[in-house]
Amino acid sequence: EDKVVQSPLSLVVHEGDTVTLNCSYEVTNFRSLLWYKQEKKAPTFLFMLTSSGIEKKSGRLSSILDKKELFSILNITATQTGDSAIYLCAVRHAGGTSYGKLTFGQGTILTVHP
Amino acid sequence: DAGITQSPRYKITETGRQVTLMCHQTWSHSYMFWYRQDLGHGLRLIYYSAAADITDKGEVPDGYVVSRSKTENFPLTLESATRSQTSVYFCASSERTNQPQHFGDGTRLSIL
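I will try to describe carefully the structure that is included in this document. Note that the coordinates shown come from a computational prediction; the quantities given were computed from them, not determined experimentally.

So, the overall build of chain B
Assigned secondary structure in chain B consists of zero helices and eleven strands. In chain B, the succession of helices and strands from N to C terminus is β-β-β-β-β-β-β-β-β-β-β. Its C-alpha atoms give chain B a radius of gyration of 13 Å, within 12% of the compact-globule value 13 Å for 112 residues. Referenced to the eigenvectors of the C-alpha coordinate spread, the extents of chain B come out at roughly 35 × 25 × 25 Å. Evaluated residue by residue, chain B yields a buried proportion of 50% over its 112 residues. Relative to all contacts within chain B whose residues are 6 or more apart in sequence, the contacts with residues 24 or more apart total 55%. Split by element, the accessible area of chain B, about 5400 Å² in all, is 44% carbon and sulfur.

Points about the pattern of salt bridges
A side chain with one charge may pair with a side chain of the opposite charge, provided their charged atoms come close. Residues and elements named next belong to chain B. Counted under the stated rule, the structure contains six salt bridges over all chains. Between Asp38 and Arg44 there is a salt bridge, and its shortest N-O distance comes to 3.0 Å. Taking the relative accessible area as the measure of exposure, Arg44 reaches 17% and is therefore buried. Between Arg96 and Glu95 there is a salt bridge; the shortest N-O distance is 3.9 Å. In this structure Arg96 comes out as partly exposed when scored by relative accessible area, which is 46%. Overlapping salt bridges bring together Arg36, Asp38 and Arg44 as one network.

Quick look at the state of the cysteines
A disulfide bridge is the covalent bond that connects two cysteines by way of their sulfur atoms. All names here are of chain B. Within the structure shown, the criterion is met by two disulfides over all chains. Here Cys23 is linked by a disulfide to Cys91, with a sulfur-sulfur distance of 1.9 Å. Its S-S torsion of about -75° marks the bond between Cys23 and Cys91 as left-handed, since a negative value means left-handed. Taken together, the positions of Cys23 in strand β3 (residues 19-25) and Cys91 in strand β9 (residues 87-94) put the pair 68 residues apart, joining distant regions of the chain. Exposure class is identical for Cys23 and Cys91. Each is buried.

Regarding the pairing of strand β9 (residues 85-93) of chain A
All names here are of chain A. For β9, the tally of buried residues reaches eight of nine residues, placing the bulk of the element in the interior. Summarising the sheet, strand β4 (residues 30-38) and β9 pair through eight bridges and their orientation is antiparallel. Looking at β9, one finds that Leu33 is bridged to Val91. Here three bridges tie β9 to strand β11 (residues 108-113), and the two strands are oriented antiparallel to one another. Residue pairing in the sheet places Tyr87 in a bridge with Thr108 of β11. Alignment of β9 against strand β10 (residues 102-104), held across three bridges, turns out to be antiparallel. When the bridges of β10 are listed, Arg92 appears paired with Leu102.

As for the interface of chain A and chain B
Counting residues at the interface gives 20 residues for chain A and 23 residues for chain B. Buried area between chain A and chain B, summed over both chains or domains, comes out near 1900 Å², and the portion from carbon and sulfur atoms is 59%. For the chain A face of the interface with chain B, the top three residues by lost area are Lys41(A), Tyr99(A) and Phe104(A), together amounting to 32%. Linking chain A to chain B there are zero salt bridges.

Here's the deal with the side chain of Thr107(B)
Residue and element names in this part refer to chain B. Along the chain, Thr107 turns up in strand β11 (residues 107-111). Here Pro8 takes part through its backbone oxygen, which lies 2.6 Å from a polar atom of the side chain of Thr107. If near-sequence neighbours (up to four positions away) are discounted, Thr107 is found in contact with Gln6, Ser7, Pro8, Arg9, Leu21, Ser87, Val88 and Tyr89.

Some points on the packing of aromatic side chains
Here the structure, examined in full by the defined rule, presents eleven aromatic pairs over all chains. On the numbers, 4.8 Å between centres and 15° between planes, the contact of Tyr25(A) with Phe30(A) is stacked. The exposure class of Tyr25(A) is buried, given its relative accessible area of 5%. Here the aromatic rings of Phe33(B) and Tyr35(B) are separated by 6.4 Å at their centres, their planes lie at 25°, and the arrangement is stacked. In this structure, Phe33(B) and Tyr35(B) share a single accessibility class: buried. Through a chain of ring-to-ring contacts, the aromatic side chains of Tyr36(A), Phe45(A), Phe104(A), Phe33(B), Tyr35(B), Tyr48(B), Phe90(B) and Phe103(B) assemble into a single cluster.

Basis of the calculations
- Residues numbered from 1 in each chain as written.
- Chains lettered and ligands numbered in written order.
- Predicted model: local features only at pLDDT ≥ 70, side-chain atom pairs only at ≥ 80, totals over all residues.
- Heavy atoms only, no water.
- Helix = DSSP H or I, 4+ residues; strand = E, 2+ residues; numbered from the N terminus.
- Rg over C-alpha atoms; globule rule 2.2 N^0.38 Å.
- Buried < 20%, exposed > 50% of the residue type's maximum accessible area, 1.4 Å probe, protein only.
- Contact = heavy atoms within 4.5 Å.
- Areas by Shrake-Rupley, 256 points an atom, 1.4 Å probe, with all protein chains shown as cover.
- Salt bridge = Lys/Arg side-chain N within 4 Å of Asp/Glu carboxyl O.
- Disulfide = S-S within 2.5 Å.
- Pairing = 2+ DSSP bridges.
- Buried area = accessible area lost by both parts, 1.4 Å probe.
- Polar contact = N/O pair within 3.5 Å; in protein donor to acceptor, adjacent residues only side chain to side chain.
- Phe/Tyr/Trp six-rings, centres within 6.5 Å; stacked < 30°, edge-to-face > 60°.

Taken by themselves, the reported measurements are silent on function.
Shown next as structure tokens:
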């Protein structure tokens, strides 16, 4: 059975802290791993990772994938209250009639206090 | 730039009723997806579609029906609603299978 597990499930920090969110996976026919941020409404796309060891970066956020150990991390440096959200990790399946479907983890709820 | 829109945003209904959630996208994306989001489960795939008239079951399809007669629309129907189907439902679309999925704002459905 395909499985995507995120940790921690929730995290409370203060502004300025650095956080690391974890995502491990066991899926058949792995194609890529995606990170989304969800505030009050729709999840919004952050990163898509296909290759091991290549860091993707956007401002204070960065992410990397390890395909040998089957995990990814999302780092947020100098956190701000606007980073408070649910962070979702998803694995994209490859091949056949998968049509790029995603299997999601449970999400990590990040709360950043002023 | 309408993107992907879901309607209604909120819906309350009773067990046994039929209810249809609408999803419309203006990008002409081939691939569309329906998820439900519940505490502790993240997003779970209900049904997906590769094109008009091509649909397939996801992880939790029981009790749901979909259709895709036009590329831009992908309605989800609960034929006889049950309390366990109380959830937030998200529709998503992508242009190609290796592109990120883009999500609608969701429909919060309560079944009494």
